Amino acid sequence: MSDLQIRNLRPDEIALAVDWAAAEGWNPGLADAACFAIPDARGFFVGEIEGEPVTTVSCVNYDDRFAFLGFYIVRERFRGAGHGLRIWNAAIAHAGARVIGLDGVVAQQENYKKSGFQLAYANIRYGGTVAGSVKPPADVVALDKIPFALVEADDARVFPAARSAFLRAWINTRGHVGRALLREGRLAAWGVIRPCRTGYKIGPLVADDRAAADDVVQALMGSAGAGEVFLDVPAVNPAAIALAEALGLEPVFETARMYTGPIPPLRLDRVFGVTSFELG
């Protein structure tokens, strides 16, 4: 058996993992690769045999306490030879003592448990065709008009680690559109929509309640125009599920959000759309 050589993907090579994810049907965003490199440029790995890429994985260290694992893919004709386990171990080693999160395929939950992961909750991808509103709600404004410190503070309530640089890039990347809802001068909801290989994804979508989330969704759809849209929602947030269903979206995919250890309590009742299954 040829020897597997594992190395870091350079930032300009992360598109390889994104392309493989697209081939697996995960429908990544068109600008995901550039954004994903920002939190931890050394958090992406490729396994090669005689120079040919055969497996990828990422384990992005957000800070000294939390990492997120994704892009765990082995090309089909190389499966069953142990290559996946070797690159998996390299990713886990990169995280060190950090708590690791992932959004795994439901069928692989038991395998992830063997590596110390425990199920926290499910995330459900809803998809379908939605018509954007003709006139966005009056109190909805461009997200980049909101002081970034307010967005950053709100994100800290729903994500296990600070991710300021990534969040700035995610909001400001060309093709991404952000909207926010103000209530009496306070940030009540915000979200980002981005073009993907198929349609658009909305994420993150963070809101006080369903009505606020719906206002932002309508504004985001209005900016993108009518078309196919996807929204990844935590199954533990019934208001988020109700919003997705009211939009006419249907479940198309489910993941298991799992962690290797405890994380700070998160306001999942405010998460109406997950940023991404690859980086959390």
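Residues numbered from 1 in each chain as written. Predicted model: local features only at pLDDT ≥ 70, side-chain atom pairs only at ≥ 80, totals over all residues. Heavy atoms only, no water.

Description of the overall build of the protein chain
In step 1: What the protein chain contains, in helices and strands, is eight helices and 13 strands.
In step 2: Taking 280 residues into account, the globule formula puts the C-alpha radius of gyration at 19 Å, and the protein chain, at 18 Å, falls close to it.
In step 3: Along the three orthogonal principal directions, the C-alpha set of the protein chain runs to about 65 × 35 × 30 Å.
In step 4: In the protein chain, 73% of the contacts between residues at least 6 apart in sequence involve partners at least 24 apart. (Helix = DSSP H or I, 4+ residues; strand = E, 2+ residues; numbered from the N terminus. Rg over C-alpha atoms; globule rule 2.2 N^0.38 Å. Contact = heavy atoms within 4.5 Å.)

Observations regarding the confidence of the model for the protein chain
In step 1: Confidence in the prediction for the protein chain averages 93 pLDDT; 97% of positions are at 70 or higher.
In step 2: Within the protein chain, no element has a lower average pLDDT than helix α4 (residues 109-114), which sits at 91, and none a higher one than strand β13 (residues 271-273), at 98. (pLDDT = per-residue confidence, 0-100.)

Focus on the environment of Gly248
In step 1: Relative to the elements of secondary structure, Gly248 occurs in the loop between α8 (238-246) and β12 (250-259).
In step 2: The exposure class assigned to Gly248 is partly exposed, which follows from its relative accessible area of 46%. (Buried < 20%, exposed > 50% of the residue type's maximum accessible area, 1.4 Å probe, protein only.)

Remarks on the packing of aromatic side chains
In step 1: Inspection of the entire model under this criterion finds 14 aromatic pairs.
In step 2: Aromatic side chains Phe66 and Phe68 sit 6.5 Å apart centroid to centroid with 55 degrees between the ring planes, which places their arrangement in the tilted category. Neither residue differs from the other here; Phe66 and Phe68 are each classed as buried.
In step 3: When the ring of Tyr72 is compared with that of Trp88, the centres are 5.0 Å apart and the planes differ by 55 degrees; the resulting orientation is tilted. Here Tyr72, found in strand β4 (residues 66-74), pairs with Trp88, found in helix α3 (residues 83-95); they are 16 residues apart in sequence, far enough to count as distant.
In step 4: With a relative accessible area of 29%, Tyr72 lands in the partly exposed category.
In step 5: Residue class for Trp88 comes out buried when judged on its relative accessible area of 5%.
In step 6: By way of ring pairs, the aromatic residues Phe36, Phe44, Phe71, Phe166 and Trp170 are connected into one cluster.
In step 7: One Lys or Arg, Arg163, reaches over the ring of Phe159 and ends 3.8 Å from the middle of that ring. (Phe/Tyr/Trp six-rings, centres within 6.5 Å; stacked < 30°, edge-to-face > 60°. Lys NZ or Arg CZ within 6 Å of the ring centre and 35° of its normal.)

Details of helix α1 (residues 14-23)
In an α-helix, one full turn covers 3.6 residues, which means residues spaced three or four apart are oriented alike.
In step 1: All of the buried residues along α1 are Ile14, Ala17, Val18, Trp20 and Ala21. Around the axis of α1, the buried residues are gathered within 160 degrees of arc, so they sit on the same side.
In step 2: Buried-residue contacts for α1 involve α2 (32-36), β2 (44-49), β3 (52-61) and β4.
In step 3: Looking one or two residues beyond α1, the residue adopting positive phi is Gly25, at roughly 90 degrees. (Arc of directions from axis to C-beta.)

Considerations on unusual backbone geometry
In step 1: Of note, the amide linkage connecting Gly203 to Pro204 takes the cis form, showing an omega dihedral of 0 degrees.
In step 2: In this fold, Pro204 is placed in strand β10 (residues 200-207).
In step 3: You will see that Asn27, though not glycine, has its phi angle at about 55 degrees, which is positive.
In step 4: Looking at Asn27, the relative accessible area reads 10%, which means it is buried.
In step 5: We note that Glu50 has phi near 50 degrees; this positive angle belongs to a residue other than glycine.

Digging into the nonpolar core
In step 1: Counting residues in each nonpolar core, the largest one holds 43 residues, and the members touching the most others are Phe44, Tyr62, Phe66, Leu143, Val151 and Trp190.
In step 2: Broken down by secondary-structure element, the contributors of at least two residues to this core are α1, α2, β2, β4, α5 (148-155), α6 (164-172) and β9 (186-195).
In step 3: Once residues within four sequence positions are removed from consideration, Phe44 is found in contact with Arg7, Asn8, Leu9, Ile14, Phe36, Ala37, Val57, Ser58, Val60, Phe71 and Leu279.
In step 4: Counting 28 residues, the second largest nonpolar core, distinct from the first, contains Ile193, Ala219, Leu231 and Leu243. (Core = buried A, V, L, I, M, F, W, Y, C linked by side-chain atoms within 4.5 Å.)

Re helix α7 (residues 210-224)
In step 1: Between its first and last C-alpha, α7 extends 21 Å over 15 residues, near the 21 Å set by a 1.5 Å rise per residue.
In step 2: Every buried residue belonging to α7 is among Ala212, Ala213, Val216, Val217, Gln218, Ala219, Leu220 and Met221, and all of these are buried.
In step 3: Of the residues that open α7, the one with a side-chain oxygen 3.3 Å from the backbone nitrogen of Ala211 is Asp209.
In step 4: Two residues or fewer past α7, Gly225 is found with a positive phi of approximately 90 degrees. (Expected span 1.5 Å × (residues − 1). Polar contact = N/O pair within 3.5 Å; in protein donor to acceptor, adjacent residues only side chain to side chain.)

So, the packing of α7 against α8
In step 1: The N-to-C vectors of α7 and α8 enclose an angle of 40 degrees; their axes lie 10 Å apart at closest approach. Our classification of the angle between α7 and α8 gives oblique. Seen from above, α7 lies across α8 with right-handed handedness. Note on element contacts: α8 touches α7 through Ala239, Ala242, Leu243 and Ala246, opposite Arg210, Ala213, Asp214 and Val217.
In step 2: When grouped by side-chain class, the residues that make up the contact of α7 with α8 number six nonpolar, no polar and two charged. (Axes fitted to C-alpha atoms, helices over the stretch in contact; angles between N-to-C directions. Parallel < 35°, antiparallel > 145°, perpendicular 65-115°, else oblique. Left-handed = near helix turned anticlockwise from the far one by under 90°. Nonpolar A, V, L, I, M, F, W, Y, C, P; charged D, E, K, R; others polar.)

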